[in-house]
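# Chains, contacts and geometry: an overview
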Amino acid sequence: MTFGNNERKEKIGLVLEGGGMRGIYTAGILDEFLLNDIYVDGLVGVSAGILHGTSYLSEQIGRNIRYTLKYRKNPRFMSMKSFFKTGNICETEFCYHEIPEKLNPFDYDKFRENAASIPVYAGCSNVENGKAEYIRIYDLATDDIDAVRASASLPMVSEIVEYRGLKLQDGGNADSIPLKFMLDQGFKKNIVVLTRPEGYVKKKSSSAKLMKLMYKEYDEYLETAENRSEVYNETLRLVDEEAMAGNAFVIRPSRDLKVDRAEKNVDKIKKMYKLGRFDARNKMSELKEFMSEKEKKDI
């Protein structure tokens, strides 16, 4: 079984939250999915979510944790030194070209094959109007890589990414957990991977003044950033409602490991990845039942 090769009558979507280095939790979950032949019918990822989602679509088990551990302490991977030198906390050339093209090769052909079979979206924020953009990606050997890069371009420490006439940044600003988007696309059942533990409530950002200084010409984007916590918490309620109704299967950290979005401690990163593997294994039988529920009802 593989992507786009199933007989499910009710398509299953996959929604991947971001969270910077906390997203390595998602990488652990997706590796377990591949090891257990868990394939979905559509995917949307935001920031770190789409970064790890691409390796899931290329079916490269362990790829993301390998390059993260190997290069996390390299200033070109993620550092303020990179920001002051290039305008991006994660150097574009290193992270989006040297690593996938040479140092830790990405399987562009396999991704292209699978992305042709199922819809894959990168969630971004439109800087000019403050709205969410869900960009379908087909081939990361083209400028589609810029849509992925835009989704993961954190405000204030990353440049605005221009992609096909759009000015984009981190998808988490406009829609951190794009479950409603997938519902609107016709995915009535969804697996939702969160990077915060149960009970988490997002508080208002303390960086409002700096945002206003850096993005003073983009009023609607600033309004979106100002309302981010309210929108996020409202979306969590939607996630819970869909889960209660049996339409969403939620996987979130079973423990709070206190991993920062720019975490440098490789031991904590390893633990976060292993927690993803552990939580996915513990929920695997329930997940398979969730995915086969429709077929059972039809028998």
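Before going into details, it helps to say that this report is about the structure given with it. What you see is a predicted model; the values in this text were computed from it and never measured.

So, on to the packing of aromatic side chains. The full count for this structure, using the stated rule, is 13 aromatic pairs. Ring centres 6.3 Å apart and planes at 65 degrees place the aromatic pair F33 and Y56 in the edge-to-face group. Of this pair, F33 sits in helix 1 (residues 24-35) while Y56 sits in helix 2 (residues 48-57); the two residues are 23 residues apart in sequence, bridging distant segments of the chain. For the ring pair Y121 and F181, a centre distance of 4.9 Å and an interplane angle of 85 degrees mean the geometry is edge-to-face. In this pair, Y121 sits in strand 3 (residues 120-126) while F181 sits in helix 8 (residues 179-184), placing the two residues 60 residues apart along the sequence. Classification of Y121 by relative accessible area gives buried; the value is 12%. For F181, a relative accessible area of 10% corresponds to the buried category. Taken together, F3, F33, Y39 and Y56 form an aromatic cluster joined through their ring pairs. The lysine or arginine in question, K189, covers the ring of F290, its NZ or CZ lying 4.3 Å from the ring centre. One Lys or Arg, K202, reaches over the ring of Y232 and ends 4.9 Å from the middle of that ring.

Attention now moves to the packing of helix 3 (residues 63-71) against helix 5 (residues 92-103). Viewed as axis vectors pointing N to C, helix 3 and helix 5 meet at an angle of 115 degrees, and their least axial separation amounts to 12 Å. Compared by their axis directions, helix 3 and helix 5 come out roughly perpendicular. Here the hand of the crossing between helix 3 and helix 5 comes out right-handed. Contacts between helix 3 and helix 5 involve R63, Y67 and Y71 on the former and, on the latter, F94, I99, P100 and L103. In the contact of helix 3 with helix 5, the residues fall into 6 nonpolar, no polar and 1 charged.

A separate point is the pattern of salt bridges. Per the counting criterion, the structure on display carries 16 salt bridges. A salt bridge links K258 to D256, with the nearest nitrogen and oxygen atoms 3.2 Å apart. On the basis of relative accessible area, D256 is assigned to the partly exposed category, the value being 43%. Overlapping salt bridges, with partners in common, bring together E32, R277 and R281 in one network.

Next up on the list: the side chain of R72. Tracing the backbone shows R72 in the loop between helix 3 and helix 4 (80-86). Buried charge without a salt bridge: R72, with D260 as the nearest opposite-charge side chain at an N-O distance of 7.2 Å. For R72, the side chain forms a polar contact with the main-chain oxygen of A262, separated by 2.9 Å. Within the structure, R72 has its side chain in polar contact with the backbone oxygen of E263 (distance 2.6 Å). Not counting the four nearest positions on each side in its chain, R72 is found in contact with M21, Y67, F77, M78, A262, E263, K264, V266 and I269.

Two cysteines whose sulfur atoms are joined by a covalent bond form what is called a disulfide. On inspection of all chains with the given rule, the structure shows 0 disulfides. Of the cysteine sulfurs around C90, a residue in no disulfide, the closest is that of C95, at 4.9 Å. By relative accessible area, C95 is classed as buried at 16%.

A separate point is the nonpolar core. Formed by 65 residues in total, the largest nonpolar core has its most connected members in L14, F33, Y56, I191 and L287. If you tally residues by element for this core, the top one is helix 12 (residues 266-298), at 9 residues. In this structure, L14 is in contact with L30, F33, V40, G42, L43, V44, Y56, M182, N190, I191 and V193, ignoring residues within four places of it in sequence. One finds V15, F181, L194 and L236 within the second-largest nonpolar core, a separate group that totals 15 residues.

The backbone of M156 shows a phi angle near 75 degrees, a positive value even though the residue is not glycine. Looking at where M156 falls in the secondary structure, it is placed in the loop between helix 7 (144-151) and strand 5 (161-163). Positive phi, normally seen in glycine, also occurs at R164, with a value near 50 degrees. Tracing the backbone through its elements, the reader meets R164 in the loop between strand 5 and strand 6 (166-170).

Before going further, it helps to spend a moment on the environment of A132. Relative to the helices and strands, A132 is located in strand 4 (residues 132-136). The exposure class assigned to A132 is partly exposed, which follows from its relative accessible area of 26%. Apart from the residues lying within four places of it in its own chain, the contact partners of A132 are C124, A174 and D175.

Rules behind the numbers
- Residues numbered from 1 in each chain as written.
- Predicted model: local features only at pLDDT ≥ 70, side-chain atom pairs only at ≥ 80, totals over all residues.
- Heavy atoms only, no water.
- Phe/Tyr/Trp six-rings, centres within 6.5 Å; stacked < 30°, edge-to-face > 60°.
- Helix = DSSP H or I, 4+ residues; strand = E, 2+ residues; numbered from the N terminus.
- Buried < 20%, exposed > 50% of the residue type's maximum accessible area, 1.4 Å probe, protein only.
- Lys NZ or Arg CZ within 6 Å of the ring centre and 35° of its normal.
- Axes fitted to C-alpha atoms, helices over the stretch in contact; angles between N-to-C directions.
- Parallel < 35°, antiparallel > 145°, perpendicular 65-115°, else oblique.
- Left-handed = near helix turned anticlockwise from the far one by under 90°.
- Contact = heavy atoms within 4.5 Å.
- Nonpolar A, V, L, I, M, F, W, Y, C, P; charged D, E, K, R; others polar.
- Salt bridge = Lys/Arg side-chain N within 4 Å of Asp/Glu carboxyl O.
- Lys, Arg positive; Asp, Glu negative; His and termini not counted.
- Polar contact = N/O pair within 3.5 Å; in protein donor to acceptor, adjacent residues only side chain to side chain.
- Disulfide = S-S within 2.5 Å.
- Core = buried A, V, L, I, M, F, W, Y, C linked by side-chain atoms within 4.5 Å.

Honestly, that's just the spatial picture; any functional story needs more than this.
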